[in-house]
Amino acid sequence: MRVLVTAGPTREALDPVRYLSNRSSGKMGYALADAFARAGHQVLLVSGPSVLEVPEGVDFLPVETGLEMFEAVKRHLGRMDAALFAAAVADYRAAEISDRKIKKDGETLKLELVRNPDILGSARASFGFTGTLVGFAAETENLEHNAREKLRRKGCDLVIANDVSKPGIGFDSDRNEVLLVFPEHSEAMPEDEKHHLAPKIVREIERLAAERATH
Ligand code: CTP
């Protein structure tokens, strides 16, 4: 299969020295890219800024902002059989990036932010993607219900959900505990190293892709 994986945070510049971002490390996305490559698939990893080493045998496309990630996915998605959106894309970016360093003139500072495009949400609706589509959901409550809502709204075959209120798993951690939410059922994967979870997730996606091919 040809597989696209988005990973890591995005970084949204405010001025030449500052940016908005989030705590995503890219670990889950990189572990998935690695597991797909080890299973013999052709992988394109589109990643925001991350200190992680690019897994062997993976094509790497580094980006910085949500808009850059959007453009990269738009360009490459058409030839993919499966796509997994593990990136934590910043929901907002600065309405205007100051070309000079913002000075601390006042006691308060107002920033105007505008919405970034929803890359996963564009896959089916705007890019016409017909392959196996996998989204991620980071929730603090109603995990299954919210993930299923996301699955339906974004036209996914699978949403991999994790509870970000639990300490020691998910964001920036080597471990995760996920709930696989499919259209007709859900399946819990007990807490484990991201590197152990990834090959199991790969097998689920191989199964989904095979099912899709026979329909
Ligand atoms: N996603 C994306 N582009 C965005 C935002 C999110 O591709 N601009 C993808 C993420 O990679 C992830 C999924 O969409 O696969 C997360 O969906 P989202 O609706 O952003 O979920 P939350 O961040 O959990 O947001 P909310 O709390 O608003 O539901």
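Note that the structure is predicted; figures quoted are calculated from it, not measured.

Each value, and the rule that gives it
- Residues numbered from 1 in each chain as written.
- Predicted model: local features only at pLDDT ≥ 70, side-chain atom pairs only at ≥ 80, totals over all residues.
- Heavy atoms only, no water.
- Axes fitted to C-alpha atoms, helices over the stretch in contact; angles between N-to-C directions.
- Helix = DSSP H or I, 4+ residues; strand = E, 2+ residues; numbered from the N terminus.
- Parallel < 35°, antiparallel > 145°, perpendicular 65-115°, else oblique.
- Left-handed = near helix turned anticlockwise from the far one by under 90°.
- Contact = heavy atoms within 4.5 Å.
- Nonpolar A, V, L, I, M, F, W, Y, C, P; charged D, E, K, R; others polar.
- Patch = residues over 30% accessible without salt bridge, like charges linked within 9 Å, V, L, I, M, F, W, Y side chains within 5 Å.
- Areas by Shrake-Rupley, 256 points an atom, 1.4 Å probe, with all protein chains shown as cover.
- Salt bridge = Lys/Arg side-chain N within 4 Å of Asp/Glu carboxyl O.
- Pairing = 2+ DSSP bridges.
- Buried < 20%, exposed > 50% of the residue type's maximum accessible area, 1.4 Å probe, protein only.
- Arc of directions from axis to C-beta.
- Near = heavy atom within 4 Å.
- Polar contact = N/O pair within 3.5 Å; in protein donor to acceptor, adjacent residues only side chain to side chain.
- 1 Å grid on protein atoms, 1.4 Å probe; cavity = no way out; pocket = protein on both sides within 12 Å on 5 of 7 lines; lining within 4 Å.
- Sits in = over half its atoms within 2 Å of the grid points.
- Expected span 1.5 Å × (residues − 1).

How do you make sense of the packing of helix α1 (residues 27-38) against helix α5 (residues 194-214) when you look at a structure like this?
Two measures define how a pair of helices packs: the angle their axes make with one another and the distance between the axes. It is at 8 Å that the axes of α1 and α5 come closest, and there the two elements cross at 60°. Considered as vectors, α1 and α5 are oriented oblique to each other. Once α1 is placed against α5, the crossing between them reads as right-handed. Contact residues: Lys27, Met28, Ala31, Leu32, Asp34, Ala35 and Phe36 in α1; Lys194, His195, Leu197, Ala198, Pro199, Ile201, Val202 and Ile205 in α5. Among the residues making up the contact of α1 with α5, the classes are represented as 11 nonpolar, one polar and three charged.

Would you take a moment to explain a nonpolar patch on the surface for this structure?
The grouping of Tyr92, Leu109, Leu111 and Leu113 at the surface amounts to a nonpolar patch, some 380 Å² of accessible area in total. Mapped onto the fold, Tyr92 is located in strand β7 (residues 92-94).

How do you make sense of the sheet that holds strand β12 (residues 186-193) when you look at a structure like this?
Ordered by their spatial adjacency, eight strands build an open sheet running β5-β4-β1-β6-β9-β10-β11-β12, and the pairing between neighbours is mixed. The sheet is open, and its two edges are formed by β5 (58-62) and β12, each paired on a single side. Within this sheet the neighbouring strands show an average axis-to-axis angle of 20°, counted without direction. In terms of strand pairing, strand β1 (residues 2-7) meets strand β6 (residues 82-85) through four bridges, oriented parallel. Note on β6: the bridge partner recorded for Val5 is Leu84.

Quick question: what am I supposed to make of helix α2 (residues 66-76) here?
An α-helical turn contains 3.6 residues, so any two residues separated by three or four positions project in the same direction. Of the positions making up α2, those classed as buried are Gly66, Met69, Phe70, Ala72, Val73 and His76. All buried residues of α2 lie within an arc of 165° about the axis, which places them on one face of the element. Taken together, the buried residues of α2 touch β1, β2 (12-15), β4 (42-47), β5, β6 and α3 (119-125).

Any chance you could explain the site of the ligand here in plain terms?
Close contacts around the ligand come from 13 residues, with Phe85, Ala87, Pro117, Leu120 and Lys150 the closest. Between the ligand and the protein, one listed contact pairs a nitrogen atom with a backbone N or O atom of Pro117 at 2.8 Å. With respect to the ligand, the side chain of Lys154 contributes an N or O atom lying 3.1 Å from an oxygen atom. Taking 590 Å² as the accessible area of the ligand by itself, protein coverage stands at 73%. Put simply, the ligand lies in the largest pocket. Broken down by secondary-structure element, the contributors of at least two residues to the shell around the ligand are α3, β9 (132-139) and α4 (143-154). Each residue belonging to the shell around the ligand can be placed in one class, and the counts come to eight nonpolar, one polar and four charged.

Help me understand α1, please; the structure alone is not making it clear to me.
Helix length check: α1 (12 residues) gives 16 Å between terminal C-alpha atoms against 16 Å at 1.5 Å per residue, within 8%. Most of α1 is tucked away: 10 of the 12 residues are buried. Residues of α1 that are buried include every one of Met28, Gly29, Tyr30, Ala31, Leu32, Ala33, Asp34, Ala35, Phe36 and Ala37, and no others.

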